[in-house]
Protein chains: 2
Amino acid sequence: MNAAVSDIRALVFDAYGTLFDVAAVRQACAGVMAQPDAFVALWRAKQLEYAFLRSLMGRYANFDQVTYDALHYASAATNTTLSPEQRTALLAAWYTVAPFPDTVPALQALKARGITLAILSNGTPAMLERLVQATSMDGMFDFLLSVDSVRRYKPDPAVYALIEPALGLGRTQVLFVSSNGWDAAGARAFGLPVCWVNRAATPTDQLDQPPTYSISSLAELPALL
Amino acid sequence: MNAAVSDIRALVFDAYGTLFDVAAVRQACAGVMAQPDAFVALWRAKQLEYAFLRSLMGRYANFDQVTYDALHYASAATNTTLSPEQRTALLAAWYTVAPFPDTVPALQALKARGITLAILSNGTPAMLERLVQATSMDGMFDFLLSVDSVRRYKPDPAVYALIEPALGLGRTQVLFVSSNGWDAAGARAFGLPVCWVNRAATPTDQLDQPPTYSISSLAELPALL
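Basis of the calculations
- Residues numbered from 1 in each chain as written.
- Chains lettered and ligands numbered in written order.
- Predicted model: local features only at pLDDT ≥ 70, side-chain atom pairs only at ≥ 80, totals over all residues.
- Heavy atoms only, no water.
- Least-squares fit on C-alpha atoms with pLDDT ≥ 70 in both.
- Contact = heavy atoms within 4.5 Å.
- Salt bridge = Lys/Arg side-chain N within 4 Å of Asp/Glu carboxyl O.
- Helix = DSSP H or I, 4+ residues; strand = E, 2+ residues; numbered from the N terminus.
- Buried < 20%, exposed > 50% of the residue type's maximum accessible area, 1.4 Å probe, protein only.
- Pairing = 2+ DSSP bridges.
- Right-handed = clockwise from strand over helix to strand, strands pointing away.
- Axes fitted to C-alpha atoms, helices over the stretch in contact; angles between N-to-C directions.
- Domains from an automatic or database assignment.
- Buried area = accessible area lost by both parts, 1.4 Å probe.
- Nonpolar A, V, L, I, M, F, W, Y, C, P; charged D, E, K, R; others polar.
- Core = buried A, V, L, I, M, F, W, Y, C linked by side-chain atoms within 4.5 Å.
- 1 Å grid on protein atoms, 1.4 Å probe; cavity = no way out; pocket = protein on both sides within 12 Å on 5 of 7 lines; lining within 4 Å.
- Points joined across faces, edges and corners; volume = space filled by probe spheres on them.

Asker: Outline the relation of the copies chain A and chain B, supporting the account with residue identities and numerical values.
Answerer: Taken as rigid bodies, chain A and chain B are interconverted by a rotation of 180° and an axial shift of 0.0 Å, the fit giving an RMSD of 0.0 Å. Here the transformation between the copies is reduced to the relation of a two-fold axis. Interface residue correspondence from chain A to chain B reaches 100%, placing this contact among same-surface, isologous pairings.

Asker: Can you explain the pattern of salt bridges? Please cite residues and give values.
Answerer: Between side chains of opposite charge, a pair can form as their charged atoms come close. Counted by the stated rule, this structure contains 22 salt bridges over all chains. A salt bridge links Lys154 of chain A to Asp14 of chain A; the nearest nitrogen and oxygen atoms lie 3.0 Å apart. Of this pair, Lys154 of chain A sits in the loop between strand S3 (143–146) and helix H7 (157–160) while Asp14 of chain A sits in the loop between strand S1 (10–13) and helix H1 (23–30); the two residues are 140 residues apart in sequence, bridging distant segments of the chain. The class of Lys154 of chain A is buried, set by a relative accessible area of 0%. The closest approach of N and O atoms between Arg26 of chain B and Asp37 of chain B, which form a salt bridge, is 2.4 Å.

Asker: Any details on the pairing of strand S4 (residues 174–178) of chain B? Residues and values, ideally.
Answerer: Residues and elements named next belong to chain B. Most of S4 sits out of view: five of its five residues are buried. Here S4 shows no split at all, with Val174, Phe176 and Ser178 on one side and Leu175 and Val177 on the other all buried. Pairing between strand S1 (residues 10–13) and S4: four bridges, direction parallel. For Ala10, the partnering residue across the bridge sits in S4 and is Val174. Between S4 and its parallel partner strand S5 (residues 194–197), the chain crosses via helix H9 (residues 181–190), and the hand of that crossover is right-handed.

Asker: Give a detailed account of the sheet that holds S4 of chain B, specifying residues and quantitative values.
Answerer: All names here are of chain B. Spatially, S3-S2-S1-S4-S5-S6 is the arrangement adopted by the six strands of the open sheet, whose pairing is parallel. Sheet topology places strand S3 (143–146) and strand S6 (213–215) at the edges, where each strand pairs with a single neighbour. Ignoring which end each strand starts from, the neighbouring axes of this sheet average 20° apart. In this structure, S5 lies alongside S6, joined through three bridges in parallel fashion. Bridging from a neighbouring strand, Val197 pairs with Ile215 of S6. Sitting on the sheet, helix H6 (residues 125–134) touches strand S2 (116–121) and S3, and the angle it makes with S3 is about 145°.

Asker: Would you mind going over the domain arrangement of chain A in detail, with residue names and values included?
Answerer: Think of interface size as the accessible area that goes away when the parts come together; that is how it is often given. All names here are of chain A. Once the domains are mapped, chain A shows domain 1 (3–21 + 97–224) and domain 2 (22–95). The C-alpha-based centres of domain 1 and domain 2 are spaced at 23 Å. Listed as interface residues are 23 residues of domain 1 and, on the opposing side, 18 residues of domain 2. When the two sides are added together, the surface that domain 1 and domain 2 hide from each other amounts to roughly 1800 Å², 61% of it contributed by carbon and sulfur. Summed over the shared surface of domain 1 and domain 2, the number is zero salt bridges. Per element, the largest residue contribution to the side of domain 1 that touches domain 2 is five residues, and it comes from helix H6 (residues 125–134). The class makeup of the residues in the side of domain 1 that touches domain 2 is 12 nonpolar, five polar and six charged.

Asker: Report on the nonpolar core, specifying residues and quantitative values.
Answerer: Membership of the largest hydrophobic core comes to 162 residues, with the highest contact counts inside it found for Phe13 and Trp43 of chain A together with Phe13 and Trp43 of chain B. Among residues more than four places away in sequence, those in contact with Trp43 of chain A are Val25, Cys29, Thr67, Ala70, Leu71, Ala74, Leu90, Leu91 and Trp94 of chain A.

Asker: Tell me what's going on with the interface of chain A and chain B, and back it up with residues and numbers.
Answerer: Between chain A and chain B, the residue contacts involve 31 residues of the former and 31 residues of the latter. Carbon and sulfur atoms supply 65% of the area that chain A and chain B bury against each other, a total of about 2700 Å² over both sides. A per-residue breakdown of the area chain A buries against chain B is headed by Leu56, Met57 and Gln206 of chain A, which together make up 27% of the total. Joining chain A to chain B, the criterion identifies four salt bridges. A salt bridge links Asp208 of chain B to Arg54 of chain A, with the shortest nitrogen-to-oxygen separation between them at 3.5 Å.

Asker: Describe in detail the layout of surface pockets, supporting the description with residues and values.
Answerer: Estimates place the volume of the second largest pocket at around 240 Å³. Lining the second largest pocket are 20 residues, and of these Arg152 and Asp156 of chain A together with Ser55, Arg152 and Asp156 of chain B lie nearest its centre. Only helix H2 (36–57) of chain A together with helix H2 (36–57) of chain B provide two or more residues apiece to the lining of the second largest pocket. Here the lining of the second largest pocket takes four residues from H2 of chain A, the largest share from any one element. Of the residues in the lining of the second largest pocket, the class split is six nonpolar, four polar and 10 charged.

Asker: Talk me through the environment of Leu218 of chain A; I want residue IDs and the actual numbers.
Answerer: All names here are of chain A. Secondary-structure assignment places Leu218 in the loop between strand S6 (213–215) and helix H10 (221–224). Judged by relative accessible area, Leu218 falls into the buried class, the value being 1%. For the pair Leu218 and Ala93, spaced 125 residues apart in sequence, the C-alpha separation works out to 23 Å. Apart from residues lying up to four places away in sequence, Leu218 is in contact with Phe13, Thr18, Leu19, Asp102, Thr103, Ala106, Val177, Val197 and Arg199.

This is the structure in structure tokens:
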């Protein structure tokens, strides 16, 4: 499928890692332990792995639970003892991660051109609502879509299938935007045009689903359309 | 479900990491690059991630292809240039990984008691056949089961569902044995009794599916039954 850029009426963004910088979670970890980098990398890796595995097993639990379970594993694996208050503070960090510096200017430029803006995230509806409120972006998005309604995680096609009925648009009219290579591949496999925001200059994931467009920052997005 | 140990008539083993030590792949890498440890860790992580993702996306490619694709990514991500001959040699290492020191004695003891032995692996049928031939274990197994016939990867329940019809046994008569926490959880979620071989003394994965039994080496397996 070759979608023409001129057909695009809406942009649907991944949240964590694409619009929002999970570095805030690292900062929260740095407040309670000596070596936050390895810890947060393990926590994030297990969070994603558990989401994938639960979807594969048909044993959905929401992203709050998966994040909690991954924290439990990371604590045990690194012999990091956390008090209940510290655990609560670390989990709360996922609700208040800050947007990347390029996020708000890019969204404002796109919004001014009348383009529909939405989020499609593994996060729960409550996470997404608090996330946009905490970052004063509540007026920016027309739709906040969570995997929670289908009880499967990206890159299951059932997740990307939420977009068309919610937005009332066909799949060639929507550009899906993600920094996560596996998410970009999943949306492509479903049939959406995809813009991969390759923030970390990593190689393309070898999943036979190369992105339609690649950019290195959201700042390049307005010029693409 | 509480399966009685006395009901167990067959043992079904995971291959890579459970019976066979993927350290041989590290050795092959050490022959062609300066820092094999980080490389092989990334290669293995991507191999598993791609298997999970392809199953989630409904875009199966066999384990040869997934292993090749993961090698491609690992090479690009680490700026490791491989000649075609080196690439072929690294891929071939997956066909000749050696059994752990505890593997053959445990299998011989179980075999002598008339217990049915089988493998259920993400590997292709050709990989499994060459693997048991290369290690002189071809007479040991009654069944070599590959995910390839259902074109999904563990921990998709469709994979574990291969066991009962192939062996002609009910699920309480089969003990599934794996060193991979996600595989042990997947088999438990399907409803099999599971023995987790926790070789690396890692924490239990937090997937709400704790193993029925935990051991640290296959040497403990004959005494369990």
